[in-house]
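Structure assessment
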Amino acid sequence: MARAILSLTRKKSLLILCGCLLISLPFINQCTSSRQSISYNKDIRPILNKKCLACHGGVRQMGEFSLLFEEEAFQPTESGKVAIIPGKAEESELYTRITHHDLDLRMPKDAQPLSETEKQLIADWINEGAKWEEHWAYISPKLEREPKISGEWMQNGIDFYIYNKLEASGLQPETEADKTSLFRRASLDLTGLPPKIEDLEAFQEDESPEAFEKAIDQLLASRHYGERWAAMWLDLARYADSKGYEADFHRNIWRYRDWVIKAFNQDLPFDQFTIEQLAGDLLPNPTSEQLIATAFHRNSMTNTEGGTSDEEFRLSTVMDRMNTSFEIWQATTLSCVQCHSHPYDPIRHEEFYQVMDIFNHSLDHDLTPENPTIYHYQAEDENRIKEIIAEIEELDKHTRVNQDSWIDDQIAEAIFPQLLPNKSQDFLHVTFGGNGVVSNWTSNLQSIGERKFYLKFDDIPMEGLESISYRFATEGADARIEVFLDSVGGQQISKTDFPNVKLNRWNASNFKSIKSPVLAKSGTHDLIFKLINTTGRIPEGMLNISLIELQYTDKHSSSTKLRELKKDLIGLRAKADETPIMQEKSSTFRRKTRFFERGNWLVQTDEMKAKVPESLLGNHKQAHNRLEFAQWLVNKENPLTARVIVNRFWEQIFGTGIIESLEDFGTQSLEASHPELLDYLALSFMHKHNWSVKSLLKEIMLSATYRQASRITPEKLEKDPYNRLLSRGPRFRLSAEQIRDQALAVSGLINDSIGGKSVMPQQPDGVWAVVYNNQQWITPEDNQKYRRGLYTYWKRTSPYPSMVSFDSPSREYCVSRRIRTNTPLQALVTLNDPVYLEAAKALAKRMEAKGKGELDEALKYGYFLALSKELDQAGLKVLRDLYQQAEKALESSSEVAVAVNDQKKNQEFQLQEPMTVVANAIMNLDGFLMKE
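All of the points below concern the structure found in this document. (Residues numbered from 1 in each chain as written. Predicted model: local features only at pLDDT ≥ 70, side-chain atom pairs only at ≥ 80, totals over all residues. Heavy atoms only, no water.)

1. A closer look at the overall build of the protein chain
Across its full length, the protein chain holds 34 helices and 17 strands. Overall, the C-alpha framework of the protein chain stretches about 135 × 90 × 55 Å when taken along its three principal axes. Each of the 932 residues in the protein chain was classed as buried or not, and the buried ones make up 55%. The long-range fraction of contacts in the protein chain, counting pairs at least 24 apart against all pairs at least 6 apart in sequence, stands at 73%. Taken as a whole, the protein chain presents about 42,300 Å² of accessible surface, with 51% of it coming from carbon and sulfur. Of the side-chain charges in the protein chain, 111 are positive and 134 negative, and the distance between the mean point of each set is 2 Å. (Helix = DSSP H or I, 4+ residues; strand = E, 2+ residues; numbered from the N terminus. Buried < 20%, exposed > 50% of the residue type's maximum accessible area, 1.4 Å probe, protein only. Contact = heavy atoms within 4.5 Å. Areas by Shrake-Rupley, 256 points an atom, 1.4 Å probe, with all protein chains shown as cover. Lys, Arg positive; Asp, Glu negative; His and termini not counted. Charge placed at Lys NZ, Arg CZ, Asp CG, Glu CD.)

Shown next, in the form of structure tokens:
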């Protein structure tokens, strides 16, 4: 009976349970279906990057297990077990280890265990199939939702994404800034200079709805626009007027800086801007401007210190070019891959050296001369060159010069059959002197025995060639030249042993001549000249050549008049200014790029062939040289370039990028504040704006987001302290160059001419005392010293001190973002640096002239000049009191001045005039030093 009752009870319980399950089943299904699946990128990758990849990534693969690449993560480990079995977390060794009770077996090893939430996320991810996802930055941008412009506040698509994020955070945007503040902000952003009073007044008077757009168009058309944005780009391009390292000698590369200014002013499409800098020399029939653009990668440092290995530092330069290119256009930390696979991003160790093969074939070396270079001539010299060439063509019927080619090429054609050694099409290991002399010399004499020295001249006609003559100097009798056809191993057609003439090897004016017969040949061939030290002794085997002359049978006139004209051409060429450029080596001397074992250049193994990392390549065809590499970068299918570049411009406008880590879009990058906006801007930049930077900036600046006032409320300070949500307008300190430029502009001192050589404004004595370098800092007497900061001579080992105080870099390497600091030194600069004191004096004169004896009018005018806003009564009282205090101090200062003069003796001392004191104070106001 009891059993029957128990059985009946159990049956009732089962029926009740089944009924409950049936009733609850729809709700269970609904909960299951509504739960979001685990995202590898959002939920799992951050855990693995933080807790696992240090031991199971690109640097180390403990237990033969790596989580860096998908194919590696699902392979059997050292134990034979598979770490991740999709759909089966309990059977996966990864889950077993992170939950293990034994501390010796639990992972992470010797570290804090994963939280319960993290463990559960990994378990759920595995059970859901362990779906791997590419890092978001390697997926081409696309719009998840089209921007919809609605309401009174939104002006364009940018505002749609900003407003929705603000609304989700419980914030509202600020109202629009007043017209004077807005115009000053726009002027500083687009030209780097404060607005002119007449332009500001015209904007204030324009009440039309298009007033701000017209103002933006006017600023974009300003010739100073290119200067402002060149300043940003030169940090990336590590532009400097010196070579770096110990001696830090001068580098004549200012024309590249001017090319950048011109490119921005002309709104050169960014894809072309990219291609010309990275590979302008590889374009069909490149112009001189496109060649100057390639100086972008001649900004790398050169170590000319005696005893250093030229090859080691040449390779260092190649790596710098690789790392710089990937940082600027891909925000990828490629330098991490030199010694091992990337710790966090899917780039393999060997891929570093495949990329290196793209950059490893340029003609330049780590040598004192900057060859290859492009020559620039003064107008009068260029005119004279053309006249001489015309005379030569008239005297020699065999000489016909292509008038459409560069002047330097025309000279080479006109003086043929004379060959200038530093005009050779390719060379190996030779050293070029600044006077056109070439030598088999090397600064590192320890490597002289390993070196082979070559010059190569292309497409030389051989018919009738009977001898070769050399202008040379030697200090012994151990030097020889052998000449080969077409290749190093080609047929030898000439051999010349040189006698000892005991001449200074760099003074070409008194070199001797020697003639050597040539084996008769026909057709057109490349000539390879091998400069040989037959014994390896120094200086006995050193050979210096200033001119090579091919001598033909009855083919070229050699009259005295003709020779004088050619000598004149060579003399005019020696006067030319030179800019270092990129040039690719010929196949004759093409290098072999090898894998460096653990990044050690002394242990080189397998030959590597040019390739872009597979994880970054996408669907694009492989790149095998610099031109194909540049074309890949700006291909519209490349997921990174447009994102990275618009983020750079955004950071310049708003102070912080949408992704704060401008230099790193990898898996360890900082989180994007507005990922949808980033993709919207990237797509717009490529497709709507067709790579036009001006058009992109105009869209950003016409947005309601940009036009907001920079006021801050307690609520916004709490919820958006760093303005990452853009709940207000941008407000941050101006750059070092802009602070200087603004002081010069409002004072009226500024020399606003565009381009030209860098200048040396006043700086403290002795700052530039550099070992092994006798170059002097010479401040110009005229107004050249008041040029914009962009044109200040940039010496890497001793940058201009006042700009360093405001965080300007040394530019030894690529700098993606300047970190803004706030130090007492900055106030000392703006209060005491000579240029700021001179600017204060000049501003004071402008104030006094405008005031015409009325103090208040003068004070109001100076304040308006400096801050582009009216001075209120409270501020007026402060400045008036300051003026009066300075006036009293000056009246009672005679005894103080004498005492100070006695102490400082020969040092100049002068108390400032009261209006200068006020002007200096105005230029130290927060509102003057800030963009708001």
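2. Here's the deal with the pairing of strand S1 (residues 373-376)
The side-chain alternation of S1 yields two buried faces, one formed by Thr373 and Tyr375 and the other by Ile374 and His376. Pairing of S1 with strand S13 (residues 577-580), which is carried by four bridges, proceeds in the antiparallel orientation. Within S13, the residue paired with threonine 373 across the bridge is proline 580. (Pairing = 2+ DSSP bridges.)

3. Points about the pairing of strand S11 (residues 524-533)
For S11, the tally of buried residues reaches nine of ten residues, placing the bulk of the element in the interior. Pairing of strand S8 (residues 479-485) with S11 involves seven bridges; the strand directions are antiparallel. Each residue of the ladder has a partner; that of alanine 479, found in S11, is asparagine 533.

4. Brief notes about the environment of glutamate 174
Along the chain, glutamate 174 falls in the loop between helix H6 (157-168) and helix H7 (179-191). For glutamate 174, a relative accessible area of 10% translates into the label buried. Residues glutamate 174 and glutamine 708 lie 534 residues apart in sequence; the distance between their C-alpha atoms is 5.3 Å. Excluding residues that lie within four positions of it along the chain, glutamate 174 makes contacts with Trp153, Gln708, Ala709, Arg711, Thr713, Lys716, Ser727 and Arg728. A distance of 3.2 Å separates a polar atom in the side chain of glutamate 174 from a polar atom in the side chain of arginine 711. (Polar contact = N/O pair within 3.5 Å; in protein donor to acceptor, adjacent residues only side chain to side chain.)

5. Observations concerning the environment of aspartate 554
Its location among the elements puts aspartate 554 in the loop between strand S12 (543-552) and helix H18 (560-574). Each C-alpha atom of the pair aspartate 554 and alanine 849 lies 78 Å from the other, and the pair is 295 residues apart in sequence.

6. Section: the sheet that holds strand S9 (residues 492-498)
Strand-to-strand pairing in sheets goes through backbone hydrogen bonds, with the strands running parallel or antiparallel. The strand order S3-S6-S11-S8-S9 describes an open sheet built from five strands, whose pairing is antiparallel. Only two strands of the sheet have a single neighbouring strand rather than two, namely strand S3 (426-428) and S9. Strand-to-strand twist of the sheet, defined as the mean angle between neighbouring strand axes without regard to direction, takes the value 20°. (Axes fitted to C-alpha atoms, helices over the stretch in contact; angles between N-to-C directions.)

7. Things to note about the side chain of serine 300
The topology assignment puts serine 300 in the loop between helix H13 (288-293) and helix H14 (310-330). Separated by 3.0 Å, the side chains of serine 300 and arginine 238 make a polar contact. Polar side-chain contacts of serine 300 include one of 2.7 Å to the side chain of aspartate 320.

8. Things to note about the pattern of salt bridges
Charged atoms that come close allow side chains of opposite charge to pair. Summed over the entire model, instances satisfying the criterion amount to 59 salt bridges. Measuring nitrogen to oxygen at the nearest pair gives 3.6 Å for the salt bridge that ties lysine 456 to aspartate 526. In this pair, lysine 456 is assigned in strand S6 (residues 453-461) and aspartate 526 in strand S11, connecting sequence segments 70 residues apart. Using a relative accessible area of 3% as the deciding quantity, one classes lysine 456 as buried. Among the ionic contacts, a cluster of salt bridges with common partners joins Asp235, Glu737, Arg811 and Arg818. (Salt bridge = Lys/Arg side-chain N within 4 Å of Asp/Glu carboxyl O.)

9. Notes on the side chain of threonine 191
The residue threonine 191 is located in helix H7 in this model. Since its relative accessible area comes to 5%, threonine 191 is described here as buried. Engagement of the side chain of threonine 191 in a polar contact is seen with the backbone oxygen of serine 187, the distance being 2.7 Å. Within the structure, threonine 191 has its side chain in polar contact with the backbone nitrogen of leucine 193 (distance 3.2 Å). Residues within four places of threonine 191 in sequence aside, it is in contact with Leu219, Ser222, His224, Tyr225, Arg228 and Arg788.

10. Here's the deal with the environment of aspartate 396
Checked against the element boundaries, aspartate 396 lands in the loop between helix H16 (379-395) and helix H17 (407-415). Classification of aspartate 396 by relative accessible area gives buried; the value is 1%. Distance from aspartate 396 to alanine 414, taken between C-alpha atoms, is 9.5 Å for residues 18 residues apart in sequence. Within polar-contact distance, the side chain of aspartate 396 engages the backbone nitrogen of histidine 398 at 3.0 Å.

11. Quick look at the packing of helix H21 (residues 641-654) against helix H23 (residues 693-702)
Two numbers describe how H21 lies on H23: the axes approach to 11 Å, and their chain directions differ by 45°. Overall, the two elements H21 and H23 adopt an arrangement that is oblique. For the element pair H21 and H23, the recorded crossing hand is right-handed. Only Val693, Leu696, Leu697, Ile700 and Met701 of H23 make contact with H21, whose side of the interface consists of Val646, Phe649, Trp650, Ile653 and Phe654. In terms of residue class, the contact of H21 with H23 is made up of ten nonpolar, no polar and no charged. (Parallel < 35°, antiparallel > 145°, perpendicular 65-115°, else oblique. Left-handed = near helix turned anticlockwise from the far one by under 90°. Nonpolar A, V, L, I, M, F, W, Y, C, P; charged D, E, K, R; others polar.)

12. Notes on the packing of helix H31 (residues 873-891) against helix H33 (residues 914-922)
Remark: H31 packs on H33, axes separated minimally by 8 Å, with the N-to-C direction vectors making an angle of 140°. Regarding the angle of H31 to H33, the classification is oblique. Here H31 and H33 pass one another in a crossing that is right-handed. Contact residues: Leu879, Leu882, Tyr883, Ala886, Glu887 and Leu890 in H31; Pro914, Met915, Val917, Val918, Ala921 and Ile922 in H33. Residues belonging to the contact of H31 with H33 are distributed by class as follows: eleven nonpolar, no polar and one charged.

13. Concerning H17
Within H17, burial applies to Ile407, Asp408, Gln410, Ile411, Ala414 and Ile415. Along the axis of H17, the buried residues cluster in a sector spanning 160°; they form a single face. Considering only its buried residues, H17 is in contact with S1, H16, strand S2 (418-419) and H18. (Arc of directions from axis to C-beta.)

14. Details of the packing of aromatic side chains
Think of a pair of aromatic rings as described by two things: how far the centres are apart, and how the planes are tilted against each other in angle. Overall, the coordinates contain 45 aromatic pairs when judged by the stated rule. Taking 5.6 Å as the distance between ring centres and 35° as the angle between the ring planes, the aromatic pair formed by phenylalanine 270 and phenylalanine 273 counts as tilted. A residue pair is termed a helical-turn pair when its members lie 3 or 4 positions apart in one helix, as phenylalanine 270 and phenylalanine 273 do in helix H12 (residues 270-279) at three residues. An identical accessibility class is assigned to phenylalanine 270 and phenylalanine 273; each is buried. When the ring of tryptophan 768 is compared with that of tryptophan 777, the centres are 5.3 Å apart and the planes differ by 85°; the resulting orientation is edge-to-face. Classification of tryptophan 768 as buried rests on a relative accessible area of 8%. Since its relative accessible area comes to 15%, tryptophan 777 is described here as buried. Here the aromatic cluster, defined as three or more aromatic residues joined through ring pairs, consists of Trp233, Tyr256, Trp259, Phe264, Phe270, Phe273, Phe296, Trp329, Phe685 and Trp691. (Phe/Tyr/Trp six-rings, centres within 6.5 Å; stacked < 30°, edge-to-face > 60°.)

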